[in-house]
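# Chains, contacts and geometry: an overview
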Amino acid sequence: MDKNMLAGLEGLPEEDKIRMSAMIDHLQFRDSLRMYNSLVERCFNDCVDNFTRKTLQKQEETCVMRCAEKFLKHSMRVGLRFAELNSQAATQD
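An account of the accompanying structure is given in this report. It should be emphasised that the depicted structure is a prediction, and the values quoted were computed from it without experimental measurement.

### Description of the state of the cysteines
Applying the stated rule across the entire model yields two disulfides. One disulfide in the model links Cys-47 with Cys-63; its S-S distance is 2.0 Å. With the S-S dihedral at roughly -65 degrees, the linkage between Cys-47 and Cys-63 falls on the left-handed side. A residue pair is termed long-range when its members are at least 10 positions apart, and Cys-47 in helix α1 (residues 14–47) and Cys-63 in helix α2 (residues 58–92) qualify at 16 residues. Accessibility expressed as a relative area gives 7% for Cys-47, which makes it buried. Sequence-ordered numbering of the bonded cysteines in the chain yields a pairing of 1-4, 2-3.

Here you go:
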């Protein structure tokens, strides 16, 4: 977890800091799982349309790889932009 997230908790007792840290970790883990599930569902629905074989066809595999790459790049870009805006807001205070 990022140390900056705990900066606002300095006045809290140690027990509350630990509880808040665990809660933040849990929320981050849950969000990561949601992102992963969303990625799998979206790419599967967009790319896989033939269920006559156990394995993906070459075109399906290529589509899934491109879809996953785009999704992850987009998520990373959004996260970086959010961090940038958050940093700007913190310096304005």
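There is more to say, and it comes next.
### Remarks on α2
In an α-helix, one turn spans 3.6 residues, which is why side chains three or four residues apart end up on the same side. Given a rise of 1.5 Å per residue, 35 residues ought to cover 51 Å, and the 51 Å separating the end C-alpha atoms of α2 matches this to within 8%. Contacts made by the buried residues of α2 are with α1.

### Concerning the nonpolar core
For soluble globular proteins, nonpolar side chains are generally found buried alongside one another. Counting residues in each nonpolar core, the largest one holds six residues, listed as Leu-39, Cys-43, Cys-47, Cys-67, Ala-68 and Phe-71. Those elements that place two or more of their residues in this core are α1 and α2. Beyond its immediate sequence surroundings of up to four residues, Cys-47 is in contact with Glu-60, Cys-63, Val-64 and Cys-67.

Reading the values: the criteria
Residues numbered from 1 in each chain as written. Predicted model: local features only at pLDDT ≥ 70, side-chain atom pairs only at ≥ 80, totals over all residues. Heavy atoms only, no water. Disulfide = S-S within 2.5 Å. Helix = DSSP H or I, 4+ residues; strand = E, 2+ residues; numbered from the N terminus. Buried < 20%, exposed > 50% of the residue type's maximum accessible area, 1.4 Å probe, protein only. Expected span 1.5 Å × (residues − 1). Contact = heavy atoms within 4.5 Å. Core = buried A, V, L, I, M, F, W, Y, C linked by side-chain atoms within 4.5 Å.

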